[in-house]
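Overview (structure and organization)
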Amino acid sequence: MPKPAPKSQAELTFRGNRGLGRHGWLRLTPAYSVQMVEQILDSGAVPRGPVLDPFCGSGTTALVCAERGVSADTTDINPFLLWLAAAKARDYSAAERTWFAQSSKRVERALSNTSSSTAWVPPLYKIEKWWSEATLAGLSRGFAAVERLEREAPGNAADLLKVAFCRTLIARAHVSFGHQSMSFRRARAEVDESLALKAAWREAVTAVAEGAERPVTAIPRALQCDARELEQRLSPGTYRAVITSPPYPNRMSYVRELRPYMYWLRYLDSGKGAGELDWQAIGGTWGTATSNLTKWRPDASARVPFPGFERRILPAIRRQSPLLASYVHKYFEDMLRHCESVQRLLVPGATVHYIVGNSKFYEVLLPVERIFAAMFAATGFRNARVRVIRKRSSKKELFEFVVSAEKA
Ligand SMILES: C[S@@+](CC[C@H](N)C(=O)[O-])C[C@H]1O[C@@H](n2cnc3c(N)ncnc32)[C@H](O)[C@@H]1O
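Residues numbered from 1 in each chain as written. Predicted model: local features only at pLDDT ≥ 70, side-chain atom pairs only at ≥ 80, totals over all residues. Heavy atoms only, no water.

Remarks on the pattern of salt bridges
Tallying each qualifying case throughout the model produces 21 salt bridges. For Lys-272, the salt bridge goes to Glu-276, with nearest N and O atoms at 3.3 Å. Taken as a pair, Lys-272 and Glu-276 lie in helix H9 (residues 271–280) at a separation of four residues, close to a single helical turn. For Glu-276, a relative accessible area of 41% gives the class partly exposed. Close ionic contact of Lys-360 with Glu-363 constitutes a salt bridge, the shortest N to O distance being 3.4 Å. Take Lys-360: its relative accessible area is 19%, and that puts it in the buried class. In this structure, a network of salt bridges that share partners links the residues Asp-226, Arg-228, Lys-330 and Asp-334. (Salt bridge = Lys/Arg side-chain N within 4 Å of Asp/Glu carboxyl O. Helix = DSSP H or I, 4+ residues; strand = E, 2+ residues; numbered from the N terminus. Buried < 20%, exposed > 50% of the residue type's maximum accessible area, 1.4 Å probe, protein only.)

Examining the packing of aromatic side chains
We describe a pair of aromatic rings using the distance from one ring centre to the other and the angle between the two ring planes. In the structure shown here, the tally under the stated rule is 19 aromatic pairs. Seen from their ring centres, Tyr-331 and Phe-332 are 4.8 Å apart, and the 85 degrees between their planes marks the pair as edge-to-face. Of the aromatic side chains, those joined through ring pairs into one cluster are Phe-309, Tyr-331, Phe-332, Tyr-354, Phe-372, Phe-376 and Phe-381. Residue placement shows Arg-266 over the ring face of Trp-120; its charged tip is 3.8 Å from the ring centre. Directly above the ring of Trp-279 sits Lys-330, whose terminal nitrogen or CZ lies 4.7 Å from the centroid. (Phe/Tyr/Trp six-rings, centres within 6.5 Å; stacked < 30°, edge-to-face > 60°. Lys NZ or Arg CZ within 6 Å of the ring centre and 35° of its normal.)

What to know about helix H12 (residues 322–345)
Over its 24 residues, H12 runs 35 Å from end to end, which matches the ideal 34 Å to within 8%, given 1.5 Å per residue. Counting buried residues along H12, 19 of its 24 residues qualify, which places the element largely inside the surrounding structure. (Expected span 1.5 Å × (residues − 1).)

A short note on the site of the ligand
Of all residues adjacent to the ligand, which total 25 residues, the nearest are Ser-58, Thr-60, Asp-76, Ala-227 and Ile-282. Side-chain polar atom of Asp-76 to an oxygen atom of the ligand: 2.7 Å apart, as the coordinates give it. Contacts to the ligand include Ile-282, whose backbone N or O atom sits 2.8 Å from a nitrogen atom. In isolation the ligand has 600 Å² of accessible area, and contact with the protein removes 99% of it. Taken together, the residues that form the shell around the ligand break down as 16 nonpolar, six polar and three charged. (Near = heavy atom within 4 Å. Polar contact = N/O pair within 3.5 Å; in protein donor to acceptor, adjacent residues only side chain to side chain. Areas by Shrake-Rupley, 256 points an atom, 1.4 Å probe, with all protein chains shown as cover. Nonpolar A, V, L, I, M, F, W, Y, C, P; charged D, E, K, R; others polar.)

And the structure:
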């Protein structure tokens, strides 16, 4: 195994994005690092654009491009993430920022006004596991104020309040992000929950205000689009580079991870809706997505072009779990469709850079990076190559790679 580049691990993950202005506004565990995108842009392999990120997530590629004046489009299946990416990567006028500063004080008063009653709270399953009763009441009053103020907001200024609200709700939730995905933690004994909520809101408002001051010179488009059918929203022969990190085949659900934000901001209102969105997401296996997978059958015309994939890798996983073998099969069938689709959007000679992680199912190591390289080679790309970026903390064989290629 070649040695990863000598960068600190934290710098190469979402952890390195904290304190980087708008990049640090909200955390998304699988977000990749700003430095990684910058390195690729600086490597000379990427012309000045247009750049595409078809798996937008929290909008890292779009924002790096926006701050550097490189034109970019970004797409994702998840409407909340597209809202967040658009909110992060646009310019805010002085009038919008002033309105935000003034309105944030009104939200603060609503959050702290314990004499008034609780307003709407989202229908999030077992919401009491997320927030104490007092914090939830404060959040509900605060969010009602955000929605009232939104009606009079200039331009997109209300989005700044919503980002600050999201940051506050996660700061006060009983969750920890120490692992690959979020988990619940025990409530801390608080001296005064109302004061703690107010302090979290103030911290969020300061972080958002500081980020909003930074100028953005090229505003990207953020469009909802399935990465398997990009032509539905984007034009063929347009892009000169793709810098992205697709979901990894590791059973992580972005919808599960993002549900507190998505329920509060009204992007979700039921477990059924959450499961349906996760089923549309590549690699999703949460709620109804898991039961759909038991009925899923491969498409005989979409063969994953990697030696041993169907004869060796899948049967070895299937012996342990037929469901997981279907999961892996569907993941690569979906990604093959994506490779075919993205290829059509590129100009000849355009470069693609995919940050991917390998996976292990039981004793079977899934060489995700090599399968991506093989899929690129089979779908109209040349010079597909793999570079190790870092070791992932979980199991010893797990690494993150960048897979690059050029459109032939
Ligand atoms: C690893 S995350 C991207 C993280 C991003 N690079 C960042 O820095 O935040 C993968 C993204 O792919 C999206 N995704 C999953 N399935 C998709 C599909 N079928 N079409 C478009 N996007 C999809 C997920 O919603 C998720 O946001």
